[in-house]
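Results of the structural survey
Okay, here's what each chain looks like letter by letter:
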2 protein chains.
Amino acid sequence: MQYPISGGQIIGFSESRSGSQTFQSTNPATGSLNEWHFLEATPQEADRAMQMARQAFRVYRQKPGPARAAFLRRIAELLEEGAEALVPLYVAESGLPEGRARGELGRTTGQLRKFADQAEDGSWMAATIDTADLARQPIPKPDLRKCLAPLGPVVVFGASNFPLAFSTAGGDTASAFAAGCPVVVKGHPLHPATGEWVARAIQQAAEQTGMPEGVFSHLQGTTHSLGASLVQHPATAAVGFTGSRAGGLALAALGQGRQVPIPVFAEMGSINPVLLLPEALSAGDKWAAAYAQSVTLGTGQFCTNPGLLIGLEGEALEGFRETLAREMNQIPQACMLGEGIAARYIRMQETLLQENGVRRIGAPAAAPGVNCVPPTVAAVSGSDFKASPTLQEEVFGPFTLVVGCRDEGEMLQVLESLEGQLTGTVLASEAECGQYRVHIAALESRVGRILFNGVPTGVEVGPAMHHGGPFPATTDSRFTSVGADAIYRWARPVSYQNAPQELLPEALRDANLLGIWRTIDGVPTRESIHNE
Amino acid sequence: MQYPISGGQIIGFSESRSGSQTFQSTNPATGSLNEWHFLEATPQEADRAMQMARQAFRVYRQKPGPARAAFLRRIAELLEEGAEALVPLYVAESGLPEGRARGELGRTTGQLRKFADQAEDGSWMAATIDTADLARQPIPKPDLRKCLAPLGPVVVFGASNFPLAFSTAGGDTASAFAAGCPVVVKGHPLHPATGEWVARAIQQAAEQTGMPEGVFSHLQGTTHSLGASLVQHPATAAVGFTGSRAGGLALAALGQGRQVPIPVFAEMGSINPVLLLPEALSAGDKWAAAYAQSVTLGTGQFCTNPGLLIGLEGEALEGFRETLAREMNQIPQACMLGEGIAARYIRMQETLLQENGVRRIGAPAAAPGVNCVPPTVAAVSGSDFKASPTLQEEVFGPFTLVVGCRDEGEMLQVLESLEGQLTGTVLASEAECGQYRVHIAALESRVGRILFNGVPTGVEVGPAMHHGGPFPATTDSRFTSVGADAIYRWARPVSYQNAPQELLPEALRDANLLGIWRTIDGVPTRESIHNE
């Protein structure tokens, strides 16, 4: 599969080239500009994409689950068929190695297929039926049926750190399509060619599987105003975003400030605290090696890299820090995703290193090339950590701060001072899991996922995954952006009272034609309703 | 059961009397002050109630479902045992008839018991388990388990129009307790004695069933600042409110403006449009009688009274309007809930009657007593309706506006101009349900519950109820304030990765000790997990 990279906007089934401003992406590994020129989308193009999405919603929301599934599966096929063309674009724009590109492509097509399965199956709609009881006193009980309905057009912001899995055809887009929502993507300006290529695949899949024009559009731009206009557009029903706290908060405020407020699901990163308990520390070298990998994975540019390690100060922690720093310096570092991101890493780690009581462990390794940065381990005492809100800020990149607590009381205070997080990790022996219940509960109450004796990087895509967490990790702790339940961000329940069969969504009719799990009079079942 | 009405704050297991300002409630039926004097809660008392709730949360969240259920059931018992004392307070403060008081008490205890059942059962926690696969390539699949956890202390605002079912021990409080959240109620100042009596019952139930002190507090006050301080308190995790749009929007803005934003679930009323299709209109008299009852039910002070009827202009609609007005004038009207509410009704209906093209149907009936108001039917054309946003404002009271559309095209435009609503109703023959699909879909997309050939008043309390709706009916269309799913407002998912059995919530352990429905590897089941 070959698609041109022509630099325009993908709006419905056409390309639009109204703009006059252009921009280029840079190859972070070389620092030189990539060959393609991209047009900045105009306000009129943004409006047109949203208007078309609104029109498409009327048709797309009625498409049966299997039709949506075919659309999603076709996208996955086209991405796979075009892998040899797509991977070089990804590498040229992200500086990430080819293996990562192929791995992320596999994850992306895997997500598309999982959401296809969900769309086809339909159990996600949470069909619930309370049957009538005409003999009930004092008044008859009506027939009441409820299931989820799609919200409407969704705006998705591409993420810098996952050009495939959290961008144009990423989890937000796939879950919104599965729910029955059209999607308008605001591509990330660091990887516009990757974005356009994927957008053309989605466009082709939509045409090939008979989806309404406008079910998908893709806009390019480097300005805040483009994104703002999409969030504020009256046709927009919800927004998905993965990125910085500043960006997420700005979009959330725009979503709230509308005449009709809409949900903005922003995943804003996290420092992913790790609780290192003494017996686990005694196997410190094993964990130091594993954490050196986890901190530096993807050059520290994952949402789940562990940026904070909390232990009791002493010889064991000292040894752990030294080993961690040594191991991290030995791992070859790829460049960061862009010049701005690398510069921000350097600035942020310097800011943190200048906070009261913070010191660097070991000497900085030489940064081997363009946009490369030295991995950093820093140390601080529990009391200095508690005193500085700055030390809770995410340093996006291969940085981690080790907090040495005076005793278990201070360790609890440090845990209780933490902001909301995507993940929290406990490294502990079996006995310690019992002994430190209060500490573990304090961590658990601040995170979306708590894990034991492992590393937080590596986010499973499954029904039991919760990739979310209390503010400021996300804007809404009740929803996940990874895994099957990500679909619930894009739907709302509707109840039908005494509705004729033909006006009910298929999921709610007497005959369970979809064969889905439904809750009938309080009991989960796949049976049909048989009326005498 | 007798409780004193002493006018203080119920904070934890004590009464607090720090304030110096007092207020009294009025008997709306007579216009005279009730005997009791209530202290306005001080900022210090508000802070103390929230601090205690935060402390209580640590213990209460760990209480097993059956313990929470026992607490909820005991509240229901105490309310029932005290009915003879409670009902007169309710009547003296609401002006509503005794039958309504008893009916609402039954609904309230019914809700408490339904949420008790849910707490005891535990299936609501949506336990989901993805079992490990250590042989998976390229990396082993971890054991991942997810269920819902309570958010933390919830602030509930009592509602003027349901002194029992949506106030101190109403659905918000009951569902929050069931989820594992402590509750601080800001009582509605129109019924402080009813509130205090119920608060004392909850306090006693908490003590008798061994709940931690602070699981419940009740504060009285007439000022906005008290409510604002509760929403802004750092210990508050979520808010439940039923009331006016202005009030709901103000609280939602406070919730969003916090350093850590929190969800404010505000149900802000609705005009509950009714689509009157021609064949149903031909049986107009039957529907006119039913709608006269529904519009005036509870003196029009329900969230679901139908305030807007939409039909095709013509003789049939004219006849319907006349009959409706006549029938409404014949229904004896009770007083409104308070002087301010009655005055606002008069002002609002006059405002609407002065809008372009609006006319009153029939002569106003005499208002028979203190705080009584004349029921009103008004008529307007489709084009005038579309031109006036004012005509979409809720007139809280026995008012309804009949929109006469020129043709089916204009009828669709009227439907598409509507704001979000709690309910929408279709009165139609079987054939019309097919013929008017586009109209019905337009209505459906704007409501939380759509019902056929009935009246929207009467909200079933069951799993399939969705009492919510798109903005501005509520601040969050994805959640309901009535029925089993109301519990989901107060919880968030937490994932556990490779967690030891003893650190898992009971719902997620291998042995399904709670006997709940769980989703294991994608399939609903009540089986335990048996590890070889």
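Residues numbered from 1 in each chain as written. Chains lettered and ligands numbered in written order. Predicted model: local features only at pLDDT ≥ 70, side-chain atom pairs only at ≥ 80, totals over all residues.

**Side note on the overall build of chain A**
For chain A, the helix and strand inventory stands at 16 helices and 21 strands. Relative to its length of 532 residues, chain A is compact, with a C-alpha radius of gyration of 25 Å against a globular reference of 24 Å. The 532 residues of chain A split such that 60% are buried. (Helix = DSSP H or I, 4+ residues; strand = E, 2+ residues; numbered from the N terminus. Rg over C-alpha atoms; globule rule 2.2 N^0.38 Å. Buried ≥ 20, exposed ≤ 12 C-beta atoms within 10 Å, placed from the backbone.)

**Overview of the interface of chain A and chain B**
Contacts between the two partners involve 50 residues from chain A and, on the opposite side, 50 residues from chain B. For the side of chain A that touches chain B, the secondary-structure elements that each account for two or more residues are strand E5 (128–130), strand E6 (144–150), helix H15 (430–435), helix H16 (437–444), strand E18 (447–452) and strand E19 (491–497) of chain A. Of the residues forming the side of chain A that touches chain B, the biggest block, 6 residues, is contributed by E19(A). The residue inventory of the side of chain A that touches chain B, partitioned by class, reads 23 nonpolar, 16 polar and 11 charged. As paired elements, E18(A) and strand E19 (residues 491–497) of chain B share 3 bridges and run parallel to each other. (Contact = placed C-beta atoms within 7 Å. Nonpolar A, V, L, I, M, F, W, Y, C, P; charged D, E, K, R; others polar. Pairing = 2+ DSSP bridges.)

**So, the domain arrangement of chain A**
Residues and elements named next belong to chain A. Splitting chain A by domain gives domain 1 (12–136 + 143–268 + 481–487) and domain 2 (273–452). Measuring from the centre of the C-alpha atoms in domain 1 to the corresponding centre in domain 2 gives 33 Å. Listed per partner, the contact involves 14 residues of domain 1 and 13 residues of domain 2. Among the residues forming the side of domain 1 that touches domain 2, the class breakdown is 5 nonpolar, 7 polar and 2 charged. (Domains from an automatic or database assignment.)

**Observations regarding the packing of helix H4 (residues 98–121) of chain A against helix H5 (residues 171–179) of chain A**
All names here are of chain A. The contact between H4 and H5 brings their axes to 9 Å, and the two run at 15°. Here H4 is positioned roughly parallel relative to H5, judged by the angle of their axes. Both H4 and H5 take part in a crossing whose hand is right-handed. Residue-level inspection shows Gln111, Leu112, Phe115, Ala116, Gln118 and Ala119 of H4 in contact with H5, the latter providing Gly171, Ala174, Ser175 and Ala178. Considering only residue class, the contact of H4 with H5 consists of 6 nonpolar, 4 polar and no charged. (Axes fitted to C-alpha atoms, helices over the stretch in contact; angles between N-to-C directions. Parallel < 35°, antiparallel > 145°, perpendicular 65-115°, else oblique. Left-handed = near helix turned anticlockwise from the far one by under 90°.)

**Digging into the sheet that holds strand E11 (residues 264–267) of chain A**
Strand pairing within a sheet occurs via backbone hydrogen bonds; the two strands may be parallel or antiparallel. All names here are of chain A. Spatially, 7 strands are ordered E2-E1-E9-E8-E7-E10-E11 in an open sheet, and the strand pairing comes out mixed. Two strands close off the open sheet at either side, each with one partner strand: strand E2 (14–16) and E11. When the angles between neighbouring strand axes are averaged without regard to direction, this sheet yields 20°. Here 4 bridges tie strand E7 (residues 154–157) to strand E8 (residues 183–186), and the two strands are oriented parallel to one another. In the strand pairing of E8, Phe157 is matched with Lys186. Each of strand E1 (9–11), E8 and strand E9 (216–219) is contacted by helix H6 (residues 192–208), which is oriented at about 165° to E9, the strand it contacts most. Helix-sheet contacts for helix H7 (residues 224–232) involve E7, E8, E9, strand E10 (238–242) and E11, and the interaxial angle to E8 is about 160°.

**Quick look at the relation of the copies chain A and chain B**
Expressed as a screw operation, the relation of chain A to chain B combines 0.0 Å of axial shift with a rotation of 180°, fitting to an RMSD of 0.0 Å. What the rotation and shift describe, once combined, is the action of a two-fold rotation axis. (Least-squares fit on C-alpha atoms with pLDDT ≥ 70 in both.)

**Focus: the sheet that holds strand E14 (residues 359–360) of chain B**
Strands sit in the order E21(A)-E20(A)-E5(A)-E6(A)-E19(A)-E18(B)-E17(B)-E12(B)-E13(B)-E16(B)-E15(B)-E14(B) across an open sheet of 12 strands; the sheet is mixed. The open sheet has two edge strands, strand E21 (523–525) of chain A together with E14 of chain B, and neither has a second partner. Sheet topology note: the strand E12 (residues 273–276) of chain B/strand E13 (residues 308–312) of chain B ladder contains 3 bridges and is parallel. Bridge pairing links Val274(B) to Leu309(B) in E13(B).

**Considering the packing of helix H2 (residues 65–81) of chain A against H4(A)**
All names here are of chain A. Where H2 contacts H4, the two axes come as close as 7 Å, and the packing angle between them is 170°. In terms of orientation, H2 lies roughly antiparallel with respect to H4. For H2 against H4, the interelement crossing comes out left-handed. On H4, the residues that touch Gly65, Pro66, Arg68, Ala69, Leu72, Arg73, Ile75, Ala76, Leu79 and Glu80 of H2 are Leu105, Thr108, Thr109, Leu112, Arg113, Phe115, Ala116, Ala119 and Glu120. For the contact of H2 with H4, the residue count by class is 11 nonpolar, 3 polar and 5 charged.

**Focus: the environment of Trp36(A)**
For Trp36(A), the location among the structural elements is in the loop between strand E3 (22–23) and strand E4 (38–39). In this structure Trp36(A) touches Ile5(A), Gly7(A), Gln24(A) and Ala193(A), once residues within four positions along its chain are discounted.

**Here's the deal with the nonpolar core**
Ranked by size, the top nonpolar core spans 336 residues in total, and within it Leu72(A), Ile75(A), Ile310(A), Leu72(B), Ile75(B) and Ile310(B) carry the most contacts. Not counting chain neighbours up to four residues away, the residues in contact with Ile310(A) comprise Pro273(A), Val274(A), Leu275(A), Leu276(A), Val403(A), Cys405(A), Met411(A), Val414(A) and Leu415(A). (Core = buried A, V, L, I, M, F, W, Y, C linked by C-beta atoms within 7 Å.)

**Some thoughts on the pairing of strand E7 (residues 154–157) of chain B**
In regular strands, side chains alternate between the two faces of the sheet. The alternating pattern of E7(B) places Val154(B) and Val156(B) on one face and Val155(B) and Phe157(B) on the opposite face, and all of these are buried. Note that the unit made of E7(B), helix H5 (residues 171–179) of chain B and strand E8 (residues 183–186) of chain B has a crossover that is right-handed. (Right-handed = clockwise from strand over helix to strand, strands pointing away.)

**A few points about the pairing of E7(A)**
Pairing geometry for E7(A) and E10(A), over 3 bridges, is parallel. Across the sheet, residue Val155(A) finds its bridge partner in E10(A), namely Val239(A).

**A short note on helix H3 (residues 83–94) of chain A**
All names here are of chain A. When the terminal C-alpha atoms of H3 are compared, their 16 Å separation across 12 residues agrees well with the 16 Å that a helix rising 1.5 Å per residue should span. Three or more residues of H3 are buried, namely Leu86, Leu89, Tyr90, Val91, Ala92, Glu93 and Ser94. Immediately downstream of H3, the backbone of Gly95 shows phi near 75°, a positive value. (Expected span 1.5 Å × (residues − 1).)

**Description of the environment of Gln111(B)**
All names here are of chain B. Inspection of the secondary structure assignment puts Gln111 in helix H4 (residues 98–121). Along the primary structure Gln111 and Gln501 are separated by 390 residues, whereas in three dimensions their C-alpha atoms are 34 Å apart. In this structure Gln111 touches Ala165, Gly171, Ala174 and Val461, once residues within four positions along its chain are discounted.

**As for the confidence of the model for chain A**
Model confidence for chain A is summarised by a mean pLDDT of 96, while 100% of its residues fall at 70 or above. Of the two predicted TM-score estimates for the complex, the pTM is 0.96 and the ipTM is 0.96. (pLDDT = per-residue confidence, 0-100.)

**Structural notes on unusual backbone geometry**
Residue Pro138(A) follows Gln137(A) across a cis peptide bond; omega there is 0°. Relative to the helices and strands, Pro138(A) resides in the loop between E5 and E6. The step from Phe471(B) to Pro472(B) runs through a cis peptide bond, and the omega angle for that step is 5°. In the Ramachandran plot, Asn272(A) falls in the positive-phi region, its phi being about 50° despite a non-glycine side chain. Note on Asn272(A): 30 C-beta atoms within 10 Å, which makes it buried. The residue Asp521(A) is not glycine, and still its phi comes out positive at about 45°. Structurally, Asp521(A) is set in the loop between strand E20 (518–520) and E21.

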